[in-house]
Amino acid sequence: MSTGQQSTPATPEIGLVGRSRLLPPLRAHGDRTWRRWRVPFTQRGALDYITAFNPISLVAERRIVDKRLLWWLAALLVLVIVPPLFGNDSFIGAGTTFAMFSAINIVWMLTIGTAGIFSLATLAVVGVGAYGTAYLSVYWGFPWWAMWIAGPFFGAGFGVLIALPAIRLEGFYYALLTVGVAELCRVWVVQSRTLGAANNGLYGADGFVPADMSTTGGITLGYFLALAMMVAALALYTYVNGQRLGRLLRAAPEKHEAFAEALGINYRAARIQVFLISSAALGFVGAFYATLLHGASPSLFTMDQLLLLLAMIVIGGIGTTEGAVAGTLIVVLLDKVFIGLGPLRLVLIGAIMLGTVLFLRGGIFGVAAQFKNWTAKRRSERRAVSRGKGGIVMPEEATEIHDKQNIAIGLFQLRLRGELKALVNDALIEEHRTTPRSRRSDNLERVLNYFRMAPMAEKYGVLMVKPFAEYRIVAISGRRGVPPRAVDDQMFTTPEDADHGVFLKRVQDLMES
Amino acid sequence: MAKIRISAYTDKLSVKPGETLSVMASADAVSTVRAELVRLIHGDETPGGPGFVEQKIASDIEREWKVGKQYIQKGNFIRVADPSMKLTAAGPFTLHAFIWPSMPDSGRQTIMGHWSVDATQGFALGINPSGRLEFWAGDGKTTDAVAAEVPLVARIWYFVAASFDPASGKVTLYQEPVLTRYNSLLSKIVPYEYRSHVVESIRVRPSPADKASFLIGGSSESNPRGSFVSQCFSGKIDRCGVQSTALDRAALDALRQAGAMPAANVLAYWDTTAGYTDRGIGDTVVDTGPNRLHGEGINRPVRGQTGYNWNGRSDSFRMAYGEYGGIEFHNDALTDCHWTPTLTLTLPADLRSGVYAVKLMAGEAEEYTPFFVRPITPRAPICLLIPTASYLAYANIATAIDGQISQGVTAQVGTFSDADIEVYKNNVEFGPSTYDLHNDGAGACYTSYRRPIINMRPKYRSGGVGGCWQFPADLSIVAWLEHHNYAYDVLTDEDVHREGAAALAPYKVVLNGTHNEYYSEKMMDATEDYLETGGRVCYLGANGYYWVVGFRDDEPWIMEVRKLEAGSRAWQAKAGEHYLASTGERSGLWRHRNRAPQKLTGVGFTAEGMDYAVPYVRMPDSYHRSVAWMFDGLGDGVIGDFGLVLGGAAGSEIDRYDLSLGTPPHTRLVATSEGFSDNYPLVQEEVYFMTPGLGGTQHPLVRADMTYFTTHNNGAVFSTGSIAFGSALPCKNFDNSVSKLLKNVVDAFSKPGKLPGAEFDQPENRWQA
């Protein structure tokens, strides 16, 4: 029963908190021996588990830290089953385009994401692979499998050419340079007779579809091979990104090269390496393209294709493979499947891209993190308001406070501060000033006791710069290894003055609380 | 240019003329320091006193000395000398231990292993940064690790093990709680899942680095500063060992249940309870296995702590060695800096006894390393007994900056000097005092003078109490003796502990320092025997003869104390850990071993506060002819309404007469203090039920009593019951009531034969109305 003498501050509307779960948790192995399997040649399992104590139940719950592998497997299952079963030839064809562009984007992510190099010559490398292998097939009679072998060499060779300037040029200029290189390639293939200027492309290369296969069969085969290529690109990305090379590159992003170099990272070598690897992979995609379409087309080098490619990764979000694939899916769906919409579909793609850039940080796969940040911000704002109103810890906030006693102490301090504020007046302050080293009134001692028992973090102390000449007020850190900080530049000449200076600060803090 | 800073210590505190003394110094931002030998007269620079007074003594150290930066190995661990690399053979092995981690979530820690942090070579069983048990291994290129599934819970006993088979690379990680009703923080009712059993194959085959050692509680690390041990463990480790087979889970279950050395395949088995004696435990951790690979504890790991199998019935390791196998490790422990000597000083043969220091100077910076010169042959009638044991207890105390209670105890705002802040900034650079807590929250029970002690410096002002405390305050007594040209010698607690009453016997009177709080049994006995045989003591302080401390005979620079359930204590020893590992004695207060300070001095601790001190008023007893001589020339007014510490002679910490605690029945209460504020509450050991009104304005037991009584053979004890007393002596150029009073006493005490007034022992005449 309240005596009526102490008033607990008005309680804001309090609702119930606490959530139950839908699925039972994975429990720790406990008594059972956990025979932990590793992916061969690595130090880790396929899925990363973490087992921690649930603070509410103390149950040791196991959860998968990174569920992306499961999502990928599900997505791949859909990709394997849905288009061939439910789609017509053109839909499967669009699927092939999607898979091929996904592969390109995933590999591109190694340079633009991991290495942070804004190369826009990605399609040009694919084009070089396609034209080069088509040339070998048309003029030298290479079969499709030999074209696949040759593709990476064209890619890697071209990669060396564009890698060199990447060492010296900064982002924007390098991007311009690569656009220029792509344009140069386009002009060349459009004008070169040998490369099929007359036919608007170099055609007549060997294809991987057996001659006796049906049209649908051929398209389906192309689709599955493209899908396999996408998976291979994923594997390559995971390998490079997750190993030493990827870590070196991520430690040396643009504008931080000097810092990385100081740490002993040879970022130039790492960048050239990743350029060669990704260019070789893109060269293979080019070869695949040539064997799929029996040749190569100058559209590979055009600006509009490049922009579409850019749209894909911007929408998906730079830096993640799932972003690259999802962005590709959206753009290819609009571009190839909703072809009936006409030029409007390009406007749509542009609108989505614009929306992504304007409202999202990190593409559509950044949405979750962005939402989390937003809710955290809202939550802390709400808590600040409720605390400002009377120091009440909301039930939802209490779930995050491990030592519940701190909540009770907070409540106590709030009451105590209320009582002490009523005691502080000019006379009390004057008493403190005039009574160092002597008996003080009970009221003053009550106020002083509260000050003296404050926790260490930000507790006031006095720095003796020169004994009996120079004293300053400091605030203690409460953390070993962190020295007290000077509170202001006020200087006192006697310990008594400094003591009163601290008192005034504490009174001010009390009255403002 | 960086700020010049010099830190130094001496290898000894007590020396005789002609002996040598080494000074170990470390300096920042300077390569040479100038040295001087000085005699210290007065320290306290408070206005109204003599200020700082030193006398230069001509010596051959007076020149520039080369000095460099010297580093410190902190943290407890056990080094196992294994020259024939028996523990790092290429075959299969198992590491096993009982552990009680105190800070499992504080970064990587090694339980045991042969791991080189910098070379990433070797193997270890430890705790990873996520607080999980982990076995890791490395060959210098690649490292690999297997971690347990659930984190370790702090202050719970576990049996942990890792076995490794190099043929398959298979690691078996084993983690089982061995929690009982008594041994851990939590009861068994808490539904934690403590267990974890993981089997996993690693890719790396460990190749131990030659220069690393097998360590329990740490890992080797070489860096440009030198070879150190890092990743120190915090918590307790009980019986542990290494097997030469990769034990499977069933075999490890058996090992856990047996809790004893396995029958076969033992490479090492450290029976942490082996070698215990009734009189204490050393630093050697005995390997009872066939290879006898004993370990040596560094920075004094705390031995004889409750083990995994403590049943709560035995109170001391002396009652059940087998239940007290716990060795406690702290990652910030420090008992010896092991610096190389910067200079060695041979004391002039004609040096008179006193307080001296080697003064090191460079630029604006200076450092004093005080030491105490006792005479080759005692000749003076007066002995000043320097309370070095209590200096040790307070060595580098950081509570003002690090303890929430400090400002409440002292009723002052903490005042810090640059030295305090430098040390705090460098992570409590020179180790904790017995008032500080280790990083894991455990109280520090060991302290040492083989490290720079920033508050044992002549000008040092204590951050908490806002003035001079202990050593610099004791110099006020030195200055008083010098001022009155007394012939006196200086002795230290260390001498009394080593030589007993024989060290005191040559003297007519022994003056204590202002605060002789920490006493070993030998020191207590020496004082008692000295008084019994006619010795005279002036107890010029308060809260003396209070804590039971222990020293090992061969390492007098390290002192041990356990703070028990009573007394003004900065921490409290854990249940069952109340006995000194150094001597086997029960620690805590002497009062609780039936040797309250009142029995020796007439007074004992009653209150403390640091807001202000007060004067004494004469009590009726002081007008008795048997004691009135003390007050000759003083009149009837108050005594000591001045002082360099807190402005009065009675205050800071204060003692009280109490017959129920053993004050000799014939003790005269010659003076008592005026009233104190409520910032002097009655001490906790006097309080059986908590009530309001325990402060100085309301409780009659809060007072400083000045007493006098005689002992056998013309012996006597004069007690002041106040720490502030000594700092009142130098006021008004030593011409003051406190100075006069003490002079009357010391003049009388330093003369042989009957004491003045001894003849006035008859009852008053009844017919005198």
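Keep in mind that what you see is a predicted model, and the values were worked out from it rather than measured.

Some details on the overall build of chain B
Then comes step 1: The helix and strand tally for chain B stands at 13 helices and 43 strands.
Then comes step 2: In terms of overall size, chain B behaves like a compact globule, its C-alpha atoms giving a radius of gyration of 28 Å where 769 residues would be expected to give roughly 27 Å.
Then comes step 3: When its C-alpha atoms are laid out on the principal axes, chain B stretches across 100 × 60 × 45 Å.
Then comes step 4: Looking at chain B residue by residue over its 769 residues, the buried ones come to 60%.
Then comes step 5: In chain B, 74% of the contacts between residues at least 6 apart in sequence involve partners at least 24 apart.

Quick notes on the environment of V78(A)
All names here are of chain A.
Then comes step 1: Relative to the assigned elements, V78 resides in helix α1 (residues 68-86).
Then comes step 2: Note on V78: 10 C-beta atoms within 10 Å, which makes it exposed.
Then comes step 3: For the pair V78 and T42, spaced 36 residues apart in the sequence, the C-alpha separation amounts to 28 Å.

Overview of the interface of chain A and chain B
It is common to give the size of an interface as the accessible area that goes away when the parts come together.
Then comes step 1: Taken together, the contact pairs 36 residues of chain A with 40 residues of chain B.
Then comes step 2: At the level of elements, β2 (33-35), β3 (49-53), α17 (442-452), β7 (460-466) and α18 (495-512) of chain A are the ones that each hand at least two residues to the side of chain A that touches chain B.
Then comes step 3: At 5 residues, β7(A) tops the list of elements feeding residues into the side of chain A that touches chain B.
Then comes step 4: The class makeup of the residues in the side of chain A that touches chain B is 19 nonpolar, 8 polar and 9 charged.
Then comes step 5: Summarising the sheet, β2(A) and strand β15 (residues 196-201) of chain B pair through 3 bridges and their orientation is parallel. Paired with R35(A) across the bridge in β15(B) is V199(B).

A closer look at the domain arrangement of chain B
Then comes step 1: Split into domains, chain B comes out as domain 1 (5-72 + 340-373), domain 2 (77-329) and domain 3 (604-759).
Then comes step 2: Each of domain 1 of chain B and domain 2 of chain B was reduced to a C-alpha centroid, and the two centroids are 43 Å apart.

Observations regarding the confidence of the model for chain B
Then comes step 1: Chain-level pLDDT for chain B is 96 on average; 100% of the residues reach the 70-or-more range.
Then comes step 2: We note a pTM of 0.90 for the whole complex and an ipTM of 0.94 for its interfaces.

Some words on the pairing of strand β14 (residues 170-177) of chain B
All names here are of chain B.
Then comes step 1: The element β14 is largely enclosed, with a buried count of 7 among its 8 residues.
Then comes step 2: Summarising the sheet, strand β13 (residues 158-165) and β14 pair through 8 bridges and their orientation is antiparallel. Among the inter-strand pairings, F159 is bridged to a residue of β14, identified as E176.
Then comes step 3: Taking the residues that link successive antiparallel strands as the turn, the β13-β14 hairpin has 4 residues, and the phi of G169 there is positive, at about 80°.
Then comes step 4: Relative to β15, β14 is paired through 6 bridges, and the arrangement is antiparallel. Its bridge partner being in β15, Y174 is matched across the sheet by H197.

Quick word on helix α4 (residues 144-168) of chain A
Residue and element names in this part refer to chain A.
Then comes step 1: For α4, with 25 residues, the first-to-last C-alpha span of 38 Å sits near the 36 Å given by 1.5 Å per residue.
Then comes step 2: Inspection of α4 places M147, A150, G151, P152, F154, G155, A156, F158, G159, I162, A163 and A166 among the buried residues, and these make up the whole buried set.
Then comes step 3: Buried positions along α4 lie against α3 (122-140), α5 (171-191) and α9 (267-293).

Description of the domain arrangement of chain A
Then comes step 1: Assigned domains within chain A: domain 1 (22-66), domain 2 (71-366) and domain 3 (416-512).
Then comes step 2: On a C-alpha basis, the centres of domain 2 of chain A and domain 3 of chain A stand 68 Å from each other.

Here we look at the pairing of strand β43 (residues 716-719) of chain B
Residues and elements named next belong to chain B.
Then comes step 1: The alternating pattern of β43 places A716 and F718 on one face and V717 and S719 on the opposite face, and all of these are buried.
Then comes step 2: Of the strand pairs in this sheet, strand β34 (residues 536-539) and β43 are connected by 4 bridges, and their pairing is parallel. Opposite R536, over in β43, you have A716 as the bridge partner.
Then comes step 3: In terms of strand pairing, strand β42 (residues 705-710) meets β43 through 4 bridges, oriented antiparallel. Directly across from T707, in β43, lies its bridge partner S719.
Then comes step 4: Counting the residues in the hairpin turn of β42 and β43 gives 5 residues, including N713, whose phi is positive at 55°.

Brief notes about α18(A)
Then comes step 1: Relative to the 26 Å expected for 18 residues at 1.5 Å per residue, α18(A) spans 26 Å between its end C-alpha atoms, a close match to the ideal helical length.
Then comes step 2: Looking at α18(A), one finds that the buried residues are P495(A), A498(A), D499(A), G501(A), V502(A) and F503(A).
Then comes step 3: Against the buried residues of α18(A) lie α16 (426-434), β7 and β8 (470-475) of chain A together with β29 (415-416) of chain B.

Details of the nonpolar core
Then comes step 1: Ranked by internal contacts, the top residues of the largest apolar core, which has 253 residues, are V160(B), I237(B), C383(B), L384(B), L511(B) and C538(B).
Then comes step 2: Considering each element in turn, this core owes the most residues, 8 residues, to helix α6 (residues 471-483) of chain B.
Then comes step 3: What L384(B) contacts, discounting residues up to four positions off in sequence, is I477(B), V478(B), L481(B), Y488(B), V490(B) and L511(B).
Then comes step 4: Counting residues in hydrophobic clusters, the runner-up holds 97 residues, among them A99(A), L248(A), L329(A) and I349(A).

Some details on the sheet that holds β3(A)
All names here are of chain A.
Then comes step 1: Spatially, 3 strands are ordered β1-β4-β3 in an open sheet, and the strand pairing comes out antiparallel. The two strands at the open ends of the sheet, each matched to only one other strand, are β1 (26-27) and β3.
Then comes step 2: Alignment of β1 against strand β4 (residues 60-64), held across 2 bridges, turns out to be antiparallel. Its bridge partner being in β4, L26 is matched across the sheet by R62.

Regarding unusual backbone geometry
All names here are of chain B.
Then comes step 1: With a phi close to 50°, N543 is a non-glycine residue in the positive phi region.
Then comes step 2: Position of N543 relative to the elements: it lies in the loop between β34 and β35 (547-552).
Then comes step 3: Residue classification places N543 among the buried residues on the basis of 28 C-beta atoms within 10 Å.
Then comes step 4: One non-glycine residue, L646, lies in positive phi territory at about 65°.

Quick notes on the packing of helix α10 (residues 303-316) of chain A against helix α11 (residues 321-337) of chain A
All names here are of chain A.
Then comes step 1: The interhelical angle for the contact between α10 and α11, taken along N-to-C directions, is 130°, at an axis separation of 7 Å. Here α10 is positioned oblique relative to α11, judged by the angle of their axes. Crossing of α10 over α11 shows right-handed handedness. Here L308, A311, M312, I313, V314, I315 and G316 of α10 come into contact with α11, specifically with G323, A324, V325, A326, G327, T328, I330, V331 and D335.
Then comes step 2: For the contact of α10 with α11, the residue count by class is 11 nonpolar, 4 polar and 1 charged.

Thoughts on the environment of L177(A)
All names here are of chain A.
Then comes step 1: Note that L177 resides in helix α5.
Then comes step 2: A count of 17 C-beta atoms within 10 Å places L177 in the partly exposed class.
Then comes step 3: For the pair L177 and E419, spaced 242 residues apart in the sequence, the C-alpha separation amounts to 72 Å.
Then comes step 4: Apart from the residues within four sequence positions on either side, L177 is in contact with P165 and L169.

Some words on the sheet that holds strand β1 (residues 5-10) of chain B
Residue and element names in this part refer to chain B.
Then comes step 1: Across the sheet, 3 strands lie side by side as β1-β3-β25; this open sheet has antiparallel pairing. At either margin of the open sheet sits one strand with a lone partner, and together these are β1 and β25 (343-346). Adjacent strand axes in the sheet meet at a mean angle of 25°, parallel and antiparallel pairs treated alike.
Then comes step 2: Of the pairings in the sheet, the one linking β1 to strand β3 (residues 20-28) comprises 6 bridges and is antiparallel in character. When the sheet's bridge partners are listed, Y9 is paired in β3 with M24.

Description of the packing of helix α15 (residues 405-423) of chain A against α17(A)
Residue and element names in this part refer to chain A.
Then comes step 1: Relative to each other, α15 and α17 sit at 140°, their axes nearing to 10 Å. With respect to α17, the element α15 is oriented oblique. Considering how the two elements wind past one another, α15 and α17 form a crossing that is left-handed. The segment α15 lies against α17, with L416, L420 and L423 engaging N443, R446, V447 and Y450.

Thresholds applied
Residues numbered from 1 in each chain as written. Chains lettered and ligands numbered in written order. Predicted model: local features only at pLDDT ≥ 70, side-chain atom pairs only at ≥ 80, totals over all residues. Helix = DSSP H or I, 4+ residues; strand = E, 2+ residues; numbered from the N terminus. Rg over C-alpha atoms; globule rule 2.2 N^0.38 Å. Buried ≥ 20, exposed ≤ 12 C-beta atoms within 10 Å, placed from the backbone. Contact = placed C-beta atoms within 7 Å. Nonpolar A, V, L, I, M, F, W, Y, C, P; charged D, E, K, R; others polar. Pairing = 2+ DSSP bridges. Domains from an automatic or database assignment. pLDDT = per-residue confidence, 0-100. Expected span 1.5 Å × (residues − 1). Core = buried A, V, L, I, M, F, W, Y, C linked by C-beta atoms within 7 Å. Axes fitted to C-alpha atoms, helices over the stretch in contact; angles between N-to-C directions. Parallel < 35°, antiparallel > 145°, perpendicular 65-115°, else oblique. Left-handed = near helix turned anticlockwise from the far one by under 90°.

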